[in-house]
Amino acid sequence: MSPMLPEDDDALAAYAEWAEMGEDAAGNGLALSTLSNVSSDCGLRPGESAEDVLHRVFGFPDFRGVQRQVVDRVLAGESTLAVMPTGAGKSLTYQLPALMLPGTCVVVSPLIALMHDQLRSARANGIRAATLTSADSEDERAAGIEAMRSGQLDLLYVAPERASQGHFRELLARSNVALFAIDEAHCVSEWGHDFRPDYRLLRPLMDAFPDVPRLALTATADAHTRADILAQLGISDDGLIVAGFDRPNIRYAIRPRDGAPQQLAALLKENPGAGIVYAPTRRQVEELAAKLAAATGRPVRPYHAGLDPAVRAANQAAFVAAEDMVMVATVAFGMGIDKPDVRFVAHAAMPKSIEGYYQETGRAGRDGDPAVAVMLWGAEDFLKARQRLSEVEPARLPGERARLDSLAALVETAGCRRALLLRHFGEDPPASCGNCDTCLDPPKVVDATELARKVLSAAYRTGQSFGLGHIANVLTGKDDERVRTRGHDQLSVFGIVGAEEAPLLRPLVRALQARGALVATEHGGLALGGNARAILIGEEPFGMTLPPAGASRGGRKRRDAAAANPVGDPLFEALRSLRRELAAEAGVPPYVIFHDATLREMATLKPASQAELGRIAGIGARKLEAYGDAFLAAIRNH
Ligand code: ADP
Ligand code: ZN
């Protein structure tokens, strides 16, 4: 069997990188030399509980969601597969046990960029961590190996290719291994979306150390994939822990596309933080990036697989390090980006599937602060997607159709978007979430059966070869030369749509296209398809949702996201600028020093002592020691 491959060029290029970068490319432009100071021991102190370590080292008041359950299993030596959505805090579930268990936790991770990101965060908390990759110098690798063998290392990050080599197994045999943590564990399964054959070599390695517990982690795995991961990694079925898919801090909004550059520029103006805009083609990426930069004056960069690799790496590094950059990108961008403070993700066109949509929007708001996901869609998106169906092999056709139908249901629903998404992933959510566009601004649902019959009938009677413009002209009885020369003013459908219904024609045709009742011909005309007949003969009613007025422009009165930050508050801004300086000095992104939420709490509580500062969430002992005085001084002098 071959690995699952995405269909289009950019996804393919991203896949190729994903497959290679594990061992052979650095893929991360940030200075690594600053990381080489091996951190001090912040390991277990006598009598310390998991909670104590959570408070002291990580500075968090409580475990979140299923973290406690997972940590308890690991500490009890039981193997586990934890399925937790992005931002749920997977890394803590092995980092914390790594501090409490004697020996080293070996973390298998698929991308060097991911490993170095994790390394930075772990070391910032004082955890003794090292990576073993081709991007590290000989000396760095030797230091890591030495630290491990002498029992001085909590975490060792390694790619699956290296982990499966003989000399690595020897290293483990001569060291004390506390835990195997397998990140992005869906890579082990052919059912998952990123199958990495090297992940299959982990099983024999782990089997050679039968007493070492295993912890597999993934954000995306359906039931099928979960079962496969358990089997492939030798974890018993009762070791499965699944957290919900919900990302409550992400506000979903889906709007008809109506001048994407303006709609997106409005979004950028409302959301000053970092964001990603996905566009379908490389050309659109370049164009949109230029337009958005010009319209908003914000730092905007393009990213797609056609760019020079050095430019791409530089753009990615700049995005990760910046607090306000916008990346306009194809789906080639995103894998291996662990930036927690992405405030919005926008889709300039419909994504490939609900899974893709969930994964791409999931890159927003990992830090738990409010974030927005905005999708713009148009009838062309469905036309193109349905055209592509003709190239699909027959066996895959029903699946591909179902995929499109789910997307149509998502963009057209008058119900809660989140509820629809979660039901798609097999959950049973409340009917309304209060944090998506349809919950906040319920659209009108109208019975459009009669109008739909008129439109379909006009498409049929004009020979199924004209587009919306002509069909609308006929239906509204327009005095138009093209209509007259074709004799279409003689048809029974001529002039049967009145002025009050005319504005509904465009959204209606969009809805008919989304549901496949109208399909595109080769020459851009509209032909009947799907259940058009049933609608025409009055067998099927046709309801349509009308987006609330003004929604299509994207310009809401309500400030969209990022509202959590008191932007413009002088103390908050001063703390942010201090964070920027410290981050630049250390050669790390600002979020590695402190998250926005931590700065917000500082600005509100204005702590006056180390002890007060240490009680703020996100400030562990190591960060208190490293940055406490600087932030206390900034607060005092303000
Ligand atoms: P994932 O890998 O699941 O996407 P991460 O491990 O990157 O998530 O964690 C996401 C963010 O949540 C991190 O910035 C982390 O500091 C924060 N976090 C993790 N656990 C907790 C907790 N118990 N309380 C507060 N914040 C947490
Ligand atoms: Zn909702």
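Residues numbered from 1 in each chain as written. Chains lettered and ligands numbered in written order. Predicted model: local features only at pLDDT ≥ 70, side-chain atom pairs only at ≥ 80, totals over all residues. Heavy atoms only, no water.

S.K.: Before we go on, may I ask you to explain the overall build of the protein in this structure?
M.R.: Within the protein, the regular secondary structure consists of 28 helices and 17 strands. Its C-alpha radius of gyration of 27 Å places the protein within 12% of the 26 Å reference for a compact globule of 638 residues. With the C-alpha coordinates of the protein rotated into their principal frame, the extents come out at 90 × 60 × 45 Å. Scored against the burial criterion, the 638 residues of the protein give a buried share of 56%. In the protein, the proportion of contacts linking residues at least 24 apart, taken out of those at least 6 apart, comes to 74%. If you sum the accessible surface of the protein, you get close to 26,100 Å²; carbon and sulfur atoms cover 52% of it. Each charge class in the protein was averaged separately, 70 positive and 81 negative side chains, and the resulting centres sit 5 Å apart. (Helix = DSSP H or I, 4+ residues; strand = E, 2+ residues; numbered from the N terminus. Rg over C-alpha atoms; globule rule 2.2 N^0.38 Å. Buried < 20%, exposed > 50% of the residue type's maximum accessible area, 1.4 Å probe, protein only. Contact = heavy atoms within 4.5 Å. Areas by Shrake-Rupley, 256 points an atom, 1.4 Å probe, with all protein chains shown as cover. Lys, Arg positive; Asp, Glu negative; His and termini not counted. Charge placed at Lys NZ, Arg CZ, Asp CG, Glu CD.)

S.K.: Would you mind showing me how to read the coordination of the zinc ion (ligand 2) here?
M.R.: Ideal donor angles around a metal are set by the shape: a four-donor tetrahedron calls for 109.5 degrees, a six-donor octahedron for 90 or 180 degrees. Looking at the metal site, the zinc ion (ligand 2) is ligated by C416 (SG), C433 (SG), C436 (SG) and C439 (SG), spaced 2.3 to 2.4 Å from it. Coordination at the zinc ion (ligand 2) is tetrahedral, judged from the 4 donor atoms that bind it and the angles of 102 to 118° they form at the metal. Each donor residue of the zinc ion (ligand 2) lies on the same chain, and together they follow the pattern C-x16-C-x2-C-x2-C. For C439, a relative accessible area of 23% corresponds to the partly exposed category. (Donors = N, O, S within 2.8 Å, 3.2 Å for Na, K, Ca; no water. Tetrahedral: all angles 85-135°; square planar, octahedral: opposite > 155°, others 65-115°.)

S.K.: Looking at this model, I keep getting lost on the sheet that holds strand β8 (residues 250–256). Mind explaining?
M.R.: Hydrogen bonds between backbone atoms are what pair the strands of a sheet, whose relative direction is either parallel or antiparallel. If you walk across this open sheet you meet the 6 strands as β8-β13-β12-β9-β11-β10, and the pairing is parallel. Only two strands of the sheet have a single partner each, and these edge strands are β8 and β10 (300–303). Each strand of the sheet is rotated relative to its neighbour by a mean of 15°, with strand direction disregarded. Strand direction decides the pairing type here: strand β9 (residues 274–278) and strand β12 (residues 342–347), joined by 5 bridges, are parallel. Considered in β12, the bridge of Y278 is made with H347. Packed onto the sheet, helix α14 (residues 354–361) meets β8, β9, β12 and β13 (371–377) and runs at close to 150° relative to β12. (Pairing = 2+ DSSP bridges. Axes fitted to C-alpha atoms, helices over the stretch in contact; angles between N-to-C directions.)

S.K.: Sorry if this is basic, but what is going on with the sheet that holds strand β6 (residues 214–218) here?
M.R.: Read across the sheet, 7 strands follow the order β3-β4-β2-β5-β6-β1-β7 without closing on themselves; strand pairing throughout is parallel. Looking at the sheet topology across the chains shown, the edges are occupied by β3 (129–132) and β7 (240–242). This sheet shows a mean twist of 20° between the axes of neighbouring strands, independent of strand direction. On top of the sheet, helix α4 (residues 92–100) reaches β2 (104–108), β4 (155–158), β5 (177–182) and β6; it is set at about 135° to β4, its chief contact.

S.K.: Would you explain the domain arrangement of the protein in this entry?
M.R.: Many descriptions give the size of an interface as the accessible area lost when the pieces come together. Each assigned domain of the protein is listed with its residue range as follows: domain 1 (32–242), domain 2 (250–443), domain 3 (445–546) and domain 4 (565–637). Centre-to-centre, using C-alpha coordinates, domain 3 lies 60 Å away from domain 4. (Domains from an automatic or database assignment.)

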